[in-house]
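Coordinate inspection notes
Listed here are the chains, written in short residue letters.
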Amino acid sequence: MEMERRKKLLAKNTIILALGNICTKGIMFIMTPLLTRWLPTEDYGAFDLMTTYVSLVIPLVTLDIGEAAFRFLLDCKCDEERNTIIGNTTKIYILGIPIIGVLLAFATVLFPNKKYYIFLFMIIFGGELVYEYFTMLLRGVKKLNIYAMASIIYVFVMAVSAFIYIKVLDWQLAGIIIAYVTGYFFSIIYMGVAGDLFDHLFQSKLDLKIIKRFLAYSVPLLPNALSWWVVNVSDRTIISAVLGTSYNAVYAIACKIPNLAQSLFGVFHLSWIQSASESVGDTDRDAFYNDIMNKVVKIVCSLVSCMLATNFIFFEFIFPVEYRMGYYLVPILSLAIIFSMLAQFLGGIYIAKKNTKKNGITTSVAAIANITSHLLMIRFTGIYAAALSTLLSYVVLFIARILDIQKKNKLYFERKNLVILFFLVYQVAVSYLNLLWLNYVDLLLTCLFIIWCNRDFSQKIVRKIIMKFGDGI
């Protein structure tokens, strides 16, 4: 009964988050081909590089205390505890403001010849810093409906602002940065008011014992955050340095398609961390983990299969011709995303157990594999080195985590999931043949295969439709 309750809660939270995130990611994905047309290739590459470095710097400046706020808020039983956690983590954020001076120096080194880049970098850093913290608080206090709505507000405001600033006013790089920050601003105001966060930010006094406890949880996450950055986005830095920002733009676009599957999985992952944390003491914990993990494998592979089948459509008919090289990167990155999502699923178990050190150690091993293999291959394989090193690092990360977690949790993969993996290998082969008629055949086969893989779910939907149709008659 307890496991069934956990499943229903996980499904409920995922649906709530999906309503906001699918809308958000859908609009962001639609915006991608528009931005590639509105912005020069060099500007789009610079924008991607800026957002890449923002994702690196935020955990370092804040000591990743937002993650601690989220995890400890899940265990709160009263408003007084929530005020203590939110108030003290906010103070750590405020104490981190002097580090902005270090950021200015960092940005000066990063963009020595374009000083206005520093100003743009600081603007988007400040907006994303507050936005991410507020989303962590909302998840921690379990106000997921407000979190989902905040995501929708952010992306709608950003999309409209981008059209005005870039297409109408022709602000180019500055336009996309200011559009993102405008979206952050309106979303933050909404979260603060609707989520009742503004009233909690400064209610608690500074408690050094509590801060020490939070930092003991969050500081070990820093190597993990840094390593995830290396695994995910150090490729952009190496590509920009060795091949140029134009190649970085091509790689960024190639990442957009498999990252859409990653974004959709991220909806589930947010609610999975919460469910895994709440089920740590359950007697049927391992059965719950295995049931969810094998369902995740089917869903993840179905998403990636769909991405592979539709890859040719984007590069033939949607993206500009100068990004065509990205077509051949997508299959490698798609396989990488599968191992990434499975590794993140296992990482949720570490977070549930508050074992942040293991998260950091395993990700550090993957980061070393990524950056070493990339540097060794880039002179020989060019831009393909980035995709291949990413795939290698995620395979290493997944193997490291599954072997470690197996010591205390009995996890297993169902044999029928191997059939799905073989089908994905076939799709990769079809992608590299790149015959238009074969791509259309593969698209049809993929639709049938996805229905077969998820036939239990498909049958439930069909039965519900028939029942409703029958009641109508």
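An account of the accompanying structure is given in this report. (Residues numbered from 1 in each chain as written. Predicted model: local features only at pLDDT ≥ 70, side-chain atom pairs only at ≥ 80, totals over all residues. Heavy atoms only, no water.)

Section: the overall build of the chain
Helices and strands together make up the secondary structure of the chain, namely 18 helices and zero strands. Classification of the 473 residues of the chain by burial places 55% in the buried group. In the chain, the share of contacts with a sequence separation of at least 24, taken over all contacts with a separation of at least 6, comes to 83%. If you sum the accessible surface of the chain, you get close to 21,300 Å²; carbon and sulfur atoms cover 70% of it. (Helix = DSSP H or I, 4+ residues; strand = E, 2+ residues; numbered from the N terminus. Buried < 20%, exposed > 50% of the residue type's maximum accessible area, 1.4 Å probe, protein only. Contact = heavy atoms within 4.5 Å. Areas by Shrake-Rupley, 256 points an atom, 1.4 Å probe, with all protein chains shown as cover.)

Observations concerning the nonpolar core
Core analysis: the largest hydrophobic core is formed by 137 residues, its most contacted members being L173, I176, W272, F345 and L346. Contacts of L346, omitting those with residues within four sequence positions, involve M293, F398, R401, I402, I405 and L411. (Core = buried A, V, L, I, M, F, W, Y, C linked by side-chain atoms within 4.5 Å.)

Quick word on the state of the cysteines
This structure, assessed with the given rule, holds zero disulfides. As a non-bridged cysteine, C306 has C447 as the owner of its nearest cysteine sulfur, 7.1 Å distant. Under the relative-accessibility criterion, C306 is labelled partly exposed at 33%. (Disulfide = S-S within 2.5 Å.)

Concerning the pattern of salt bridges
Inspection of every chain in the model, using the stated rule, returns one salt bridge. Residue K295 pairs with D291 through a salt bridge whose shortest N-O separation is 3.4 Å. In this pair, K295 and D291 are both assigned in helix α12 (residues 285–318), four residues apart and thus about one turn of the helix distant. Its relative accessible area of 23% is what places D291 among the partly exposed residues. (Salt bridge = Lys/Arg side-chain N within 4 Å of Asp/Glu carboxyl O.)

Observations concerning the packing of aromatic side chains
Evaluation of the coordinates by the stated rule reveals 18 aromatic pairs. For the pair Y131 and Y184, a centre-to-centre distance of 5.0 Å together with 40° between the ring planes defines the contact as tilted. Taken together, the positions of Y131 in helix α6 (residues 116–140) and Y184 in helix α8 (residues 172–194) put the pair 53 residues apart, joining distant regions of the chain. Y184 carries the same exposure label as Y131, and that label is buried. (Phe/Tyr/Trp six-rings, centres within 6.5 Å; stacked < 30°, edge-to-face > 60°.)

A few points about helix α9 (residues 208–218)
Regarding α9, the residues found buried are I210, I211, F214, Y217 and S218. Along the axis of α9, the buried residues cluster in a sector spanning 120°; they form a single face. In α9, the exposed positions that point more than 90 degrees away from the buried face belong to L208, K209, K212 and A216. (Arc of directions from axis to C-beta.)

Looking at a nonpolar patch on the surface
Together, L433, L435, W437, V441, L444, L445 and L448 make up an exposed nonpolar region whose accessible area comes to about 700 Å². The biggest single contributor to the nonpolar patch is helix α17 (residues 436–453), with five residues. (Patch = residues over 30% accessible without salt bridge, like charges linked within 9 Å, V, L, I, M, F, W, Y side chains within 5 Å.)

Describing the packing of helix α16 (residues 416–433) against α17
Between α16 and α17, the least distance of the axes is 11 Å, while the angle of their chain directions is 165°. One finds that α16 runs roughly antiparallel with respect to α17. Viewed along their axes, α16 and α17 form a crossing whose handedness is left-handed. Residue-level contacts link V419, I420, F423, Y426, Q427, V430 and L433 of α16 to L438, N439, D442, L445, T446, F449, W452 and C453 of α17. (Axes fitted to C-alpha atoms, helices over the stretch in contact; angles between N-to-C directions. Parallel < 35°, antiparallel > 145°, perpendicular 65-115°, else oblique. Left-handed = near helix turned anticlockwise from the far one by under 90°.)

Details of the environment of L208
With respect to the helices and strands, the residue L208 is situated in helix α9. When the C-alpha positions of L208 and N88 are compared, they lie 8.7 Å apart, and in sequence the two are 120 residues distant.

Re the environment of W38
By the element assignment, W38 lies in helix α1 (residues 2–38). Along the backbone, W38 and A162 are 124 residues apart, and their C-alpha atoms lie at a distance of 9.8 Å. Discounting residues that sit within four places of it in the chain, W38 has contacts with M31, A162, F163, I166 and K167.

What to know about the packing of α12 against α17
Two numbers describe a pair of packed helices, the interaxial angle and the distance between the axes. Packing of α12 against α17 brings their axes to within 10 Å, and their N-to-C directions diverge by 160°. For the element pair α12 / α17, the angle class is roughly antiparallel. For the pair α12 and α17, the crossing hand works out as left-handed. Taken together, the residues of α17 that come into contact with α12 (itself represented by K298, S302, S305, C306, A309, T310, F312, I313 and F317) are L436, N439, Y440, D442, L443, T446, I450 and C453. Tallied by class, the residues present in the contact of α12 with α17 amount to 10 nonpolar, five polar and two charged. (Nonpolar A, V, L, I, M, F, W, Y, C, P; charged D, E, K, R; others polar.)

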